[in-house]
Amino acid sequence: MDYKSSGVDIEAGYKSVELMKESVKGTMRSEVLGGLGGFSGAFSMAGIKDMEDPVLLSGTDGCGTKVKLAFLMDKHDTIGIDAVAMCVNDVACAGGEPLFFLDYIACGKNYPEKIATIVSGVAEGCKQSGCALIGGETAEHPGLMPEDEYDLAGFSVGVCDRKDIITGEEIKDGDVLIGIASSGVHSNGFSLVRNVFEMTAESLNTHYDELGETLGEALIRPTIIYVKALKAIKDAGIRIHGCSHITGGGFYENIPRMLPDNVMAVVKKDSYDILPIFKLIQKTGGIEEEMMYNTFNMGLGMVIAVDSADKDKVMSKVESAGEKAYEVGYVEKGEKGVILQ
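Description of the structure in this document. (Residues numbered from 1 in each chain as written. Predicted model: local features only at pLDDT ≥ 70, side-chain atom pairs only at ≥ 80, totals over all residues. Heavy atoms only, no water.)

Side note on helix α4 (residues 112–129)
Then step 1. Given a rise of 1.5 Å per residue, 18 residues ought to cover 26 Å, and the 26 Å separating the end C-alpha atoms of α4 matches this to within 8%.
Then step 2. Taken as a whole, α4 has its buried residues at Pro112, Lys114, Ile115, Ala116, Ile118, Val119, Gly121, Val122, Ala123, Gly125, Cys126 and Ser129.
Then step 3. At the exit of α4 stands glycine 130, carrying a positive phi of roughly 75°. (Helix = DSSP H or I, 4+ residues; strand = E, 2+ residues; numbered from the N terminus. Expected span 1.5 Å × (residues − 1). Buried < 20%, exposed > 50% of the residue type's maximum accessible area, 1.4 Å probe, protein only.)

Quick look at the pattern of salt bridges
Once the charged atoms of two side chains with opposite charge are near each other, the side chains can pair.
Then step 1. Under the definition given, this model contains 17 salt bridges.
Then step 2. With its nearest N and O atoms 3.4 Å apart, the salt bridge here joins lysine 163 to aspartate 164.
Then step 3. On the accessibility criterion, aspartate 164 (23% relative accessible area) is partly exposed.
Then step 4. Across the pair lysine 269 and glutamate 289 runs a salt bridge, and its minimum N-O distance is 2.7 Å. Within this pair, whereas lysine 269 is found in the loop between β11 (263–267) and α10 (276–285), its partner glutamate 289 is found in helix α11 (residues 289–293), the two being separated by 20 residues in sequence.
Then step 5. Connected through shared salt-bridge partners, Arg29, Glu31 and Glu97 make up one network. (Salt bridge = Lys/Arg side-chain N within 4 Å of Asp/Glu carboxyl O.)

A look at the side chain of threonine 247
Then step 1. Following the sequence through the fold, threonine 247 ends up in the loop between β10 (242–245) and α9 (250–254).
Then step 2. Judged by relative accessible area, threonine 247 falls into the buried class, the value being 13%.
Then step 3. What threonine 247 contacts, discounting residues up to four positions off in sequence, is Met86, Asn188, Asn254 and Thr295. (Contact = heavy atoms within 4.5 Å.)

Some details on the environment of arginine 257
Then step 1. One can find arginine 257 in the loop between α9 and β11.
Then step 2. Accessibility expressed as a relative area gives 60% for arginine 257, which makes it exposed.
Then step 3. Between the alpha carbons of arginine 257 and lysine 336 there is a distance of 9.4 Å; along the sequence they are 79 residues apart.
Then step 4. Here the side chain of arginine 257 touches asparagine 254 through a polar contact of 3.0 Å, side chain to side chain. (Polar contact = N/O pair within 3.5 Å; in protein donor to acceptor, adjacent residues only side chain to side chain.)

Remarks on the sheet that holds strand β12 (residues 300–306)
Then step 1. Read across the sheet, 6 strands follow the order β10-β12-β7-β13-β11-β14 without closing on themselves; strand pairing throughout is mixed. The outermost strands of the open sheet, each flanked by one partner alone, are β10 and β14 (337–340). Adjacent strand axes in the sheet meet at a mean angle of 25°, parallel and antiparallel pairs treated alike.
Then step 2. In this sheet, strand β13 (residues 325–333) lies alongside β11 in antiparallel orientation, the contact comprising 5 bridges. Within β13, the residue paired with methionine 264 across the bridge is glutamate 332.
Then step 3. Sheet strands in contact with helix α12 (residues 311–320) are β7 (176–181), β12 and β13, and its direction is about 145° off that of β13. (Pairing = 2+ DSSP bridges. Axes fitted to C-alpha atoms, helices over the stretch in contact; angles between N-to-C directions.)

Remarks on the sheet that holds strand β3 (residues 54–62)
Then step 1. Reading across from one edge, β3-β6-β4-β5 is the order of the 4 strands in this open sheet, with mixed pairing throughout. Single-partner strands in this sheet number two, and they are β3 and β5 (132–140). The mean angle between the axes of side-by-side strands here comes to 15°, regardless of whether they run parallel or antiparallel.
Then step 2. Examined bridge by bridge, strand β4 (residues 97–107) and β5 share 8 bridges and lie parallel to one another. Counterpart to alanine 106 in the pairing with β5 is alanine 139.
Then step 3. Along the sheet face, helix α3 (residues 79–93) touches β3, β4 and β6 (150–161) and points at about 30° away from the line of β6.
Then step 4. Of the strands in this sheet, β4, β5 and β6 touch α4, which is tilted by about 165° from β4.

Some words on α3
Then step 1. Taking 1.5 Å of rise per residue, the 15 residues of α3 would be expected to cover 21 Å, and the 21 Å separating its terminal C-alpha atoms lies within 8% of that figure.
Then step 2. The buried count for α3 comes to 14 of 15 residues, which makes it a mostly enclosed element.
Then step 3. Just beyond α3, the residue with positive phi is glycine 95, at close to 95°.

Let's talk about the packing of aromatic side chains
Then step 1. Per the counting criterion, the structure on display carries 5 aromatic pairs.
Then step 2. Here the aromatic rings of phenylalanine 71 and tyrosine 150 are separated by 4.9 Å at their centres, their planes lie at 75°, and the arrangement is edge-to-face. Here phenylalanine 71, found in helix α2 (residues 66–73), pairs with tyrosine 150, found in strand β6; they are 79 residues apart in sequence, far enough to count as distant. The pair phenylalanine 71 / tyrosine 150 is uniform in exposure class, with both members buried.
Then step 3. Aromatic pair phenylalanine 278 and phenylalanine 296: ring centres 5.9 Å apart, planes at 55°, arrangement tilted. Of the two residues, phenylalanine 278 is situated in helix α10 and phenylalanine 296 in the loop between α11 and β12; the sequence distance between them amounts to 18 residues. For the pair formed by phenylalanine 278 and phenylalanine 296, the shared burial category is buried.
Then step 4. Here lysine 109 stacks its cationic end above the ring of tyrosine 111, 5.8 Å away from the centre of that ring. (Phe/Tyr/Trp six-rings, centres within 6.5 Å; stacked < 30°, edge-to-face > 60°. Lys NZ or Arg CZ within 6 Å of the ring centre and 35° of its normal.)

Following this line, the structure appears as C-alpha coordinates:
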(Lines give C-alpha, C1' and ligand atoms only; values in the text may rest on other atoms or scores of the structure.)
Protein backbone atom coordinates (compact mmCIF):
# COMPACT_ATOMS: atom_id res chain seq x y z
CA MET A 1 0.00 0.00 0.00
CA ASP A 2 1.18 3.53 -0.73
CA TYR A 3 -0.15 7.11 -0.73
CA LYS A 4 -1.26 6.91 -4.38
CA SER A 5 -3.38 3.82 -3.73
CA SER A 6 -5.01 5.79 -0.89
CA GLY A 7 -6.12 8.41 -3.39
CA VAL A 8 -3.38 11.07 -3.22
CA ASP A 9 -1.11 11.31 -6.25
CA ILE A 10 2.04 13.20 -5.29
CA GLU A 11 3.40 13.03 -8.85
CA ALA A 12 0.23 14.67 -10.17
CA GLY A 13 0.85 17.49 -7.70
CA TYR A 14 4.34 18.02 -9.06
CA LYS A 15 2.99 18.07 -12.61
CA SER A 16 0.32 20.63 -11.68
CA VAL A 17 2.98 22.99 -10.36
CA GLU A 18 5.05 22.64 -13.52
CA LEU A 19 2.06 23.32 -15.76
CA MET A 20 0.99 26.45 -13.87
CA LYS A 21 4.43 28.08 -13.64
CA GLU A 22 4.12 30.12 -16.84
CA SER A 23 0.76 31.56 -15.81
CA VAL A 24 2.09 32.48 -12.38
CA LYS A 25 5.19 34.14 -13.81
CA GLY A 26 3.01 36.62 -15.66
CA THR A 27 1.69 38.03 -12.37
CA MET A 28 5.03 38.85 -10.77
CA ARG A 29 5.77 42.29 -9.32
CA SER A 30 9.19 43.65 -8.47
CA GLU A 31 8.45 43.23 -4.76
CA VAL A 32 8.13 39.45 -5.01
CA LEU A 33 11.09 37.65 -3.48
CA GLY A 34 12.01 34.10 -4.48
CA GLY A 35 10.12 31.86 -6.83
CA LEU A 36 7.27 29.38 -6.98
CA GLY A 37 7.58 26.29 -4.83
CA GLY A 38 8.79 27.61 -1.49
CA PHE A 39 7.06 27.06 1.81
CA SER A 40 5.82 30.64 1.89
CA GLY A 41 5.47 33.59 -0.45
CA ALA A 42 7.75 36.54 0.25
CA PHE A 43 6.85 40.11 -0.65
CA SER A 44 9.04 43.14 0.08
CA MET A 45 7.37 46.05 1.83
CA ALA A 46 10.12 48.51 0.90
CA GLY A 47 7.85 50.17 -1.66
CA ILE A 48 5.42 51.45 0.95
CA LYS A 49 7.98 53.10 3.20
CA ASP A 50 7.15 56.55 1.81
CA MET A 51 3.54 56.33 2.99
CA GLU A 52 2.75 58.45 6.03
CA ASP A 53 0.90 55.68 7.84
CA PRO A 54 0.65 52.49 5.76
CA VAL A 55 -2.19 50.12 6.62
CA LEU A 56 -2.51 46.55 5.36
CA LEU A 57 -5.92 45.49 4.10
CA SER A 58 -7.00 41.92 3.43
CA GLY A 59 -9.87 40.05 1.84
CA THR A 60 -10.74 36.38 1.58
CA ASP A 61 -13.54 34.65 -0.32
CA GLY A 62 -14.41 31.93 -2.77
CA CYS A 63 -16.69 31.49 -5.76
CA GLY A 64 -19.58 29.88 -3.91
CA THR A 65 -21.62 27.35 -5.81
CA LYS A 66 -20.66 28.92 -9.14
CA VAL A 67 -18.01 26.18 -9.27
CA LYS A 68 -20.86 23.73 -9.88
CA LEU A 69 -21.51 25.52 -13.16
CA ALA A 70 -17.85 25.09 -14.13
CA PHE A 71 -18.15 21.34 -13.50
CA LEU A 72 -21.28 21.00 -15.61
CA MET A 73 -19.88 23.05 -18.49
CA ASP A 74 -16.39 21.56 -18.13
CA LYS A 75 -15.09 25.11 -18.37
CA HIS A 76 -12.43 25.97 -15.81
CA ASP A 77 -10.44 28.86 -17.30
CA THR A 78 -12.43 31.77 -15.80
CA ILE A 79 -13.54 30.58 -12.38
CA GLY A 80 -10.15 31.71 -11.04
CA ILE A 81 -10.93 35.27 -12.13
CA ASP A 82 -14.02 35.11 -9.94
CA ALA A 83 -11.98 33.96 -6.94
CA VAL A 84 -9.53 36.83 -7.31
CA ALA A 85 -12.26 39.39 -7.99
CA MET A 86 -14.19 38.57 -4.86
CA CYS A 87 -11.10 39.30 -2.76
CA VAL A 88 -9.39 42.20 -4.52
CA ASN A 89 -12.65 44.09 -5.04
CA ASP A 90 -13.14 44.11 -1.28
CA VAL A 91 -9.60 45.43 -0.77
CA ALA A 92 -10.10 48.12 -3.42
CA CYS A 93 -13.49 48.98 -1.91
CA ALA A 94 -11.64 50.15 1.20
CA GLY A 95 -9.24 52.28 -0.84
CA GLY A 96 -6.43 49.74 -1.00
CA GLU A 97 -4.06 48.61 -3.73
CA PRO A 98 -3.99 44.79 -3.91
CA LEU A 99 -0.39 43.60 -3.57
CA PHE A 100 -0.53 39.82 -3.66
CA PHE A 101 -2.89 36.85 -3.76
CA LEU A 102 -2.80 33.21 -2.68
CA ASP A 103 -5.24 30.53 -3.82
CA TYR A 104 -6.47 27.30 -2.29
CA ILE A 105 -7.91 24.48 -4.41
CA ALA A 106 -9.45 21.44 -2.75
CA CYS A 107 -10.24 18.60 -5.13
CA GLY A 108 -11.35 15.00 -5.06
CA LYS A 109 -8.59 14.09 -7.48
CA ASN A 110 -5.73 16.11 -8.89
CA TYR A 111 -6.01 16.27 -12.66
CA PRO A 112 -2.92 18.38 -13.47
CA GLU A 113 -4.24 19.91 -16.69
CA LYS A 114 -7.51 20.94 -15.01
CA ILE A 115 -5.71 22.42 -12.00
CA ALA A 116 -3.36 24.34 -14.29
CA THR A 117 -6.34 25.70 -16.22
CA ILE A 118 -7.99 26.87 -13.00
CA VAL A 119 -4.77 28.58 -11.92
CA SER A 120 -4.47 30.26 -15.33
CA GLY A 121 -7.74 32.01 -14.49
CA VAL A 122 -6.41 32.97 -11.07
CA ALA A 123 -3.33 34.42 -12.78
CA GLU A 124 -5.50 36.37 -15.22
CA GLY A 125 -7.45 37.86 -12.31
CA CYS A 126 -4.18 38.86 -10.66
CA LYS A 127 -3.00 40.52 -13.86
CA GLN A 128 -6.26 42.47 -14.14
CA SER A 129 -5.87 43.72 -10.58
CA GLY A 130 -2.11 44.29 -10.68
CA CYS A 131 -1.34 41.92 -7.82
CA ALA A 132 1.13 39.04 -7.71
CA LEU A 133 0.18 35.40 -7.31
CA ILE A 134 2.86 34.46 -4.80
CA GLY A 135 1.64 31.08 -3.61
CA GLY A 136 -1.17 28.62 -3.22
CA GLU A 137 -2.17 25.10 -2.32
CA THR A 138 -3.82 22.23 -4.15
CA ALA A 139 -5.15 19.59 -1.75
CA GLU A 140 -6.52 16.22 -2.80
CA HIS A 141 -9.41 15.04 -0.62
CA PRO A 142 -10.17 11.47 -1.73
CA GLY A 143 -13.26 10.10 -0.05
CA LEU A 144 -14.33 13.57 1.01
CA MET A 145 -15.04 15.08 -2.41
CA PRO A 146 -16.08 13.45 -5.70
CA GLU A 147 -13.13 12.95 -8.03
CA ASP A 148 -14.36 15.40 -10.67
CA GLU A 149 -15.19 18.25 -8.28
CA TYR A 150 -13.21 20.97 -6.56
CA ASP A 151 -13.61 24.09 -4.48
CA LEU A 152 -11.64 27.28 -5.01
CA ALA A 153 -10.92 30.09 -2.56
CA GLY A 154 -8.18 32.56 -1.85
CA PHE A 155 -7.14 35.72 -0.12
CA SER A 156 -5.51 39.00 -1.03
CA VAL A 157 -3.43 41.51 0.91
CA GLY A 158 -3.32 45.16 -0.08
CA VAL A 159 -2.04 48.44 1.29
CA CYS A 160 -3.36 51.93 1.77
CA ASP A 161 -2.18 55.08 3.49
CA ARG A 162 -4.43 55.55 6.51
CA LYS A 163 -5.57 58.97 5.26
CA ASP A 164 -6.83 57.34 2.05
CA ILE A 165 -8.92 54.56 3.60
CA ILE A 166 -12.55 54.64 2.50
CA THR A 167 -14.61 54.17 5.66
CA GLY A 168 -17.95 55.72 4.70
CA GLU A 169 -17.71 58.20 7.55
CA GLU A 170 -17.51 61.09 5.07
CA ILE A 171 -20.79 60.27 3.34
CA LYS A 172 -23.21 63.16 3.74
CA ASP A 173 -26.62 64.41 2.74
CA GLY A 174 -26.54 65.43 -0.93
CA ASP A 175 -23.83 63.00 -2.06
CA VAL A 176 -24.41 61.31 -5.38
CA LEU A 177 -24.41 57.53 -5.84
CA ILE A 178 -22.51 56.23 -8.87
CA GLY A 179 -23.06 52.63 -9.91
CA ILE A 180 -20.44 50.70 -11.86
CA ALA A 181 -21.87 48.02 -14.12
CA SER A 182 -21.48 44.31 -13.45
CA SER A 183 -20.95 41.67 -16.13
CA GLY A 184 -23.83 39.55 -14.88
CA VAL A 185 -24.48 37.40 -11.84
CA HIS A 186 -20.80 37.53 -10.81
CA SER A 187 -20.29 34.99 -7.98
CA ASN A 188 -23.33 35.36 -5.76
CA GLY A 189 -26.84 33.95 -5.86
CA PHE A 190 -26.02 30.72 -7.67
CA SER A 191 -27.80 28.55 -5.12
CA LEU A 192 -31.00 30.35 -6.15
CA VAL A 193 -30.08 30.22 -9.84
CA ARG A 194 -29.63 26.46 -9.63
CA ASN A 195 -33.15 26.17 -8.26
CA VAL A 196 -34.59 28.32 -11.03
CA PHE A 197 -32.96 26.49 -13.93
CA GLU A 198 -32.37 22.81 -14.39
CA MET A 199 -28.61 22.43 -14.23
CA THR A 200 -27.98 20.07 -17.13
CA ALA A 201 -25.86 20.31 -20.27
CA GLU A 202 -29.03 20.68 -22.32
CA SER A 203 -30.36 23.52 -20.18
CA LEU A 204 -27.04 25.38 -20.08
CA ASN A 205 -26.60 25.03 -23.85
CA THR A 206 -30.06 26.48 -24.54
CA HIS A 207 -29.88 29.74 -26.49
CA TYR A 208 -32.15 32.57 -25.32
CA ASP A 209 -32.94 35.39 -27.70
CA GLU A 210 -33.22 37.88 -24.84
CA LEU A 211 -29.69 36.99 -23.74
CA GLY A 212 -28.18 36.79 -27.20
CA GLU A 213 -26.26 33.73 -26.01
CA THR A 214 -26.73 30.47 -24.15
CA LEU A 215 -27.76 30.35 -20.52
CA GLY A 216 -24.41 28.83 -19.57
CA GLU A 217 -22.44 31.56 -21.33
CA ALA A 218 -24.39 34.27 -19.50
CA LEU A 219 -24.04 32.64 -16.10
CA ILE A 220 -20.37 31.70 -16.18
CA ARG A 221 -19.15 35.12 -17.33
CA PRO A 222 -16.47 36.13 -14.80
CA THR A 223 -16.80 38.81 -12.16
CA ILE A 224 -15.53 42.25 -13.13
CA ILE A 225 -12.46 43.41 -11.25
CA TYR A 226 -12.89 47.08 -10.28
CA VAL A 227 -9.37 47.83 -9.06
CA LYS A 228 -8.37 49.93 -12.08
CA ALA A 229 -11.61 51.93 -12.11
CA LEU A 230 -11.34 52.85 -8.43
CA LYS A 231 -7.64 53.64 -8.82
CA ALA A 232 -8.43 55.97 -11.74
CA ILE A 233 -10.77 57.94 -9.50
CA LYS A 234 -8.18 58.13 -6.72
CA ASP A 235 -5.37 59.12 -9.11
CA ALA A 236 -7.54 61.99 -10.35
CA GLY A 237 -7.50 63.43 -6.84
CA ILE A 238 -11.17 62.70 -6.21
CA ARG A 239 -12.19 61.60 -2.74
CA ILE A 240 -14.57 58.64 -2.65
CA HIS A 241 -16.78 59.09 0.42
CA GLY A 242 -18.07 55.53 0.51
CA CYS A 243 -17.86 52.34 -1.54
CA SER A 244 -20.01 49.23 -1.55
CA HIS A 245 -19.13 45.97 -3.33
CA ILE A 246 -22.49 44.46 -4.29
CA THR A 247 -22.07 40.77 -3.51
CA GLY A 248 -24.20 38.28 -1.53
CA GLY A 249 -27.13 40.10 0.01
CA GLY A 250 -27.53 42.40 -2.97
CA PHE A 251 -28.50 46.03 -2.47
CA TYR A 252 -30.27 45.67 0.87
CA GLU A 253 -27.34 44.17 2.73
CA ASN A 254 -24.32 45.75 1.06
CA ILE A 255 -25.20 49.40 0.46
CA PRO A 256 -25.97 50.09 4.15
CA ARG A 257 -22.55 48.66 5.07
CA MET A 258 -20.89 51.81 3.73
CA LEU A 259 -23.28 54.27 5.38
CA PRO A 260 -22.74 56.19 8.62
CA ASP A 261 -25.64 56.65 10.99
CA ASN A 262 -28.35 59.20 10.18
CA VAL A 263 -28.19 59.00 6.38
CA MET A 264 -29.90 56.75 3.88
CA ALA A 265 -29.16 55.81 0.31
CA VAL A 266 -31.88 56.27 -2.31
CA VAL A 267 -31.41 54.17 -5.45
CA LYS A 268 -33.50 54.79 -8.54
CA LYS A 269 -34.26 51.45 -10.18
CA ASP A 270 -34.83 53.02 -13.60
CA SER A 271 -31.49 54.86 -13.64
CA TYR A 272 -29.70 52.08 -15.49
CA ASP A 273 -30.50 49.09 -17.65
CA ILE A 274 -30.96 45.87 -15.69
CA LEU A 275 -29.11 43.09 -17.48
CA PRO A 276 -31.27 40.54 -19.35
CA ILE A 277 -30.00 37.61 -17.26
CA PHE A 278 -31.66 39.04 -14.15
CA LYS A 279 -34.95 39.57 -15.95
CA LEU A 280 -34.82 35.97 -17.16
CA ILE A 281 -34.06 34.64 -13.67
CA GLN A 282 -36.94 36.63 -12.17
CA LYS A 283 -39.43 35.63 -14.85
CA THR A 284 -38.50 31.95 -14.93
CA GLY A 285 -38.38 31.57 -11.17
CA GLY A 286 -41.36 33.77 -10.36
CA ILE A 287 -39.17 35.66 -7.90
CA GLU A 288 -40.43 38.80 -6.17
CA GLU A 289 -38.57 41.99 -7.01
CA GLU A 290 -37.48 42.59 -3.42
CA MET A 291 -35.86 39.15 -3.29
CA MET A 292 -34.01 39.86 -6.54
CA TYR A 293 -32.48 43.02 -5.08
CA ASN A 294 -31.76 41.17 -1.84
CA THR A 295 -29.87 38.39 -3.63
CA PHE A 296 -28.24 39.66 -6.82
CA ASN A 297 -26.21 42.68 -7.92
CA MET A 298 -28.90 43.42 -10.54
CA GLY A 299 -26.32 44.86 -12.93
CA LEU A 300 -24.27 47.00 -10.54
CA GLY A 301 -21.10 45.49 -9.11
CA MET A 302 -20.02 48.58 -7.19
CA VAL A 303 -21.87 51.58 -5.80
CA ILE A 304 -19.85 54.58 -4.65
CA ALA A 305 -20.82 57.81 -2.93
CA VAL A 306 -19.10 61.04 -3.99
CA ASP A 307 -19.63 64.77 -3.68
CA SER A 308 -22.17 65.96 -6.23
CA ALA A 309 -19.57 68.33 -7.70
CA ASP A 310 -17.38 65.35 -8.62
CA LYS A 311 -19.97 63.10 -10.26
CA ASP A 312 -19.19 63.90 -13.92
CA LYS A 313 -15.46 63.53 -13.43
CA VAL A 314 -15.96 60.25 -11.54
CA MET A 315 -18.09 58.80 -14.31
CA SER A 316 -15.54 59.89 -16.90
CA LYS A 317 -12.69 58.23 -14.99
CA VAL A 318 -14.64 54.99 -14.56
CA GLU A 319 -15.38 54.84 -18.26
CA SER A 320 -11.77 55.67 -19.15
CA ALA A 321 -10.83 52.56 -17.16
CA GLY A 322 -13.10 50.50 -19.41
CA GLU A 323 -16.18 50.19 -17.22
CA LYS A 324 -19.72 51.57 -17.49
CA ALA A 325 -20.89 54.12 -14.94
CA TYR A 326 -24.37 55.38 -14.05
CA GLU A 327 -25.72 58.02 -11.71
CA VAL A 328 -28.07 55.78 -9.76
CA GLY A 329 -29.22 57.81 -6.77
CA TYR A 330 -28.31 60.04 -3.88
CA VAL A 331 -27.81 60.23 -0.12
CA GLU A 332 -30.18 62.04 2.20
CA LYS A 333 -30.76 62.40 5.92
CA GLY A 334 -32.73 59.62 7.52
CA GLU A 335 -32.51 56.25 9.17
CA LYS A 336 -29.50 54.27 8.00
CA GLY A 337 -30.54 51.96 5.15
CA VAL A 338 -31.37 51.87 1.47
CA ILE A 339 -34.57 52.75 -0.35
CA LEU A 340 -35.25 51.57 -3.90
CA GLN A 341 -37.69 53.68 -5.87
